[in-house]
Amino acid sequence: MAAALATTVVVATQTLAAAGAAGAVTATAVAPRAATARAVAEVDLQRAVVRVTNRRRAAHGLPPLKARRCPRDFAVRHSTRMATRERFGHSNLKRLLDRCATRHGAENIARFGGRAPTARAVVRAWMRSPGHRANILDRSMTHVGVGVVRGGDRWYVTQSFLELP
């Protein structure tokens, strides 16, 4: 029987609205736990995080977020930057808003050590933090993109939210 690997989860959230409001950033460390996730391809995990996020929204009576290329490409680039630089931190959310031509957005990030996390584990970690939960359950958000990148023995996940017409 294979031994379970210890996993450390770190998550952070950021929101930014137009009118020059500064982005609020919070970080939460989630206690290490046994990793039970099997290795999952990055793209499959990205899609799965969107599905699990939408299930959580549905459970709260909210409409599903639509997956969109612009926030997804931004999220993938940010996760790639974090993985290659081995630096965990938020993107410049104003760039996301400018690139995707919108005025309101938010971002959740997470870093997992060990085996690939499951989509359920990613969303569960965010839902346990008030700031992340608020982003996921924000009724004004309509679109989402998720980027998952493995860097060494860590997995970096970025979830970019947008309010689009």
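Preceding this section is the structure that the text describes.
Residues numbered from 1 in each chain as written. Predicted model: local features only at pLDDT ≥ 70, side-chain atom pairs only at ≥ 80, totals over all residues. Heavy atoms only, no water.

Draft legend 1. A look at the nonpolar core. Ranked by size, the top nonpolar core spans 23 residues in total, and within it V49, W126, V146, V157 and F161 carry the most contacts. The set of elements that each furnish at least two residues to this core consists of α1 (42-59), β4 (104-113), α4 (119-127), β5 (143-151) and β6 (154-162). With seven residues, the next largest nonpolar core counts F74, L93, L162 and L164 among its residues. (Core = buried A, V, L, I, M, F, W, Y, C linked by side-chain atoms within 4.5 Å. Buried < 20%, exposed > 50% of the residue type's maximum accessible area, 1.4 Å probe, protein only. Helix = DSSP H or I, 4+ residues; strand = E, 2+ residues; numbered from the N terminus.)

Draft legend 2. Spatial organisation of the state of the cysteines. Taken as a whole, this structure holds one disulfide when the rule is applied. Through a disulfide, C70 is tied to C100; the S-S separation comes to 1.9 Å. Taking the sign of the S-S torsion, -95 degrees for the link of C70 and C100, the bridge is left-handed. Placement of C70 in helix α2 (residues 69-85) and of C100 in the loop between α3 (93-99) and β4 is noted, with a sequence separation of 30 residues between them. Overall, the relative accessible area of 23% leaves C70 in the partly exposed class. According to the relative accessible area criterion, C100 is buried, its value standing at 7%. (Disulfide = S-S within 2.5 Å.)

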